[in-house]
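Read off the chains here:
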Amino acid sequence: VDANMDNVRLQAQSDRTKIRQEMADTIAKMQSDLDTRHEKTEAANGKTHADLHTRCDEILALANEHRTMVIEENMDIRNWANSALSAYRSATDRHLANIDEEARRMNDQILRTQGFATRRMEWSLKNAATLCRPPAPDSGKPYSNWFSPKFHAGGAEDFQLEFRVYPNSNGVALATSAQASSSGIVDLDEDEAVVAKPPSGVGDC
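Residues numbered from 1 in each chain as written. Predicted model: local features only at pLDDT ≥ 70, side-chain atom pairs only at ≥ 80, totals over all residues. Heavy atoms only, no water.

Quick look at a nonpolar patch on the surface
Moving on, step 1. Taken together, the side chains of Ile-19, Met-23 and Ile-27 make up a nonpolar region of the molecular surface, amounting to roughly 310 Å² of accessible area.
Moving on, step 2. Secondary-structure assignment places Ile-27 in helix α1 (residues 2–115).
Moving on, step 3. Overall, the relative accessible area of 53% leaves Ile-27 in the exposed class. (Patch = residues over 30% accessible without salt bridge, like charges linked within 9 Å, V, L, I, M, F, W, Y side chains within 5 Å. Areas by Shrake-Rupley, 256 points an atom, 1.4 Å probe, with all protein chains shown as cover. Salt bridge = Lys/Arg side-chain N within 4 Å of Asp/Glu carboxyl O. Helix = DSSP H or I, 4+ residues; strand = E, 2+ residues; numbered from the N terminus. Buried < 20%, exposed > 50% of the residue type's maximum accessible area, 1.4 Å probe, protein only.)

Okay, structure coming up:
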């Protein structure tokens, strides 16, 4: 009986040892499988991350390229618009200048036509008592004179009245133009001198 019990005990110990070894081997194999799977997962994750980073870089590069292209296209459109606006502005300015010139010419024609019926021209000099003084005796001038603005009248162009004040006189008015010169009428008081005369050199009015 003792011998049998020893055999059973030895067999049980052998079985336990075998089971423990098998369990250790199984655990080691499972750990190895887990390590292998972990390495594969890490490798796959690394590749996925690398692919994502590469794709993101490609998208950013494409976006920058499109942005640059849009900026260049906008600049081209802006330059074209500025050029077109400048050309339109220049053409409009020329057209308006032609219109202004034509309006001025027509206005001159109208004024010239209206001037044919002119019977009297007046030119007022304000503050005549102060302004219209004869020349000083030692100035060497025979008279003092003033000129009116140029005007059209009686069909003549660039008429201009000249008012002369001689020493010891009330003054005399002359009409100067490309047509003729003649004396006119002067009314002189303390405040105003009125030069009035009919158009000269264009017939009797």
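With respect to the nonpolar core
Moving on, step 1. Core analysis: the biggest nonpolar cluster contains 8 residues, these being Trp-123, Leu-125, Ala-128, Cys-132, Trp-146, Leu-161, Phe-163 and Val-165.
Moving on, step 2. Of all the elements in the fold, those that place two or more residues in this core are β1 (121–126) and β4 (156–165). (Core = buried A, V, L, I, M, F, W, Y, C linked by side-chain atoms within 4.5 Å.)

As for the side chain of Ser-148
Moving on, step 1. Along the chain, the position of Ser-148 falls in the loop between β2 (144–147) and β3 (151–153).
Moving on, step 2. Reaching out from Ser-148, the side chain makes a polar contact with the backbone nitrogen of Leu-161 at a distance of 2.7 Å.
Moving on, step 3. Contacts of Ser-148, omitting those with residues within four sequence positions, involve Trp-123, Gln-160 and Leu-161. (Polar contact = N/O pair within 3.5 Å; in protein donor to acceptor, adjacent residues only side chain to side chain. Contact = heavy atoms within 4.5 Å.)

Overview of the pattern of salt bridges
Moving on, step 1. Taken as a whole and judged by the stated rule, the model has 6 salt bridges.
Moving on, step 2. In this structure, Glu-102 and Arg-105 form a salt bridge, with 2.5 Å as the shortest nitrogen-oxygen distance. In this pair, Glu-102 and Arg-105 are both assigned in helix α1, 3 residues apart and thus about one turn of the helix distant.
Moving on, step 3. A residue is classified by how much of its surface remains accessible, and Glu-102, at 34% relative accessible area, is partly exposed.
Moving on, step 4. A relative accessible area of 40% means that Arg-105 is categorised as partly exposed.
Moving on, step 5. A salt bridge links Glu-162 to Arg-164, with the nearest nitrogen and oxygen atoms 2.9 Å apart.
Moving on, step 6. A relative accessible area of 17% places Arg-164 in the buried class.

Comments concerning the pairing of β4
Moving on, step 1. Within β4, 8 of the 10 residues are buried, leaving the element largely enclosed by the surrounding structure.
Moving on, step 2. In the sheet, β2 pairs with β4 via 4 bridges, with the strands oriented antiparallel. From the neighbouring strand, Ser-144 faces β4, where its bridge partner is Val-165.
Moving on, step 3. Across 2 bridges, β3 lies against β4 in antiparallel orientation. If you follow Phe-151 over to β4, its bridge partner there is Phe-159. (Pairing = 2+ DSSP bridges.)

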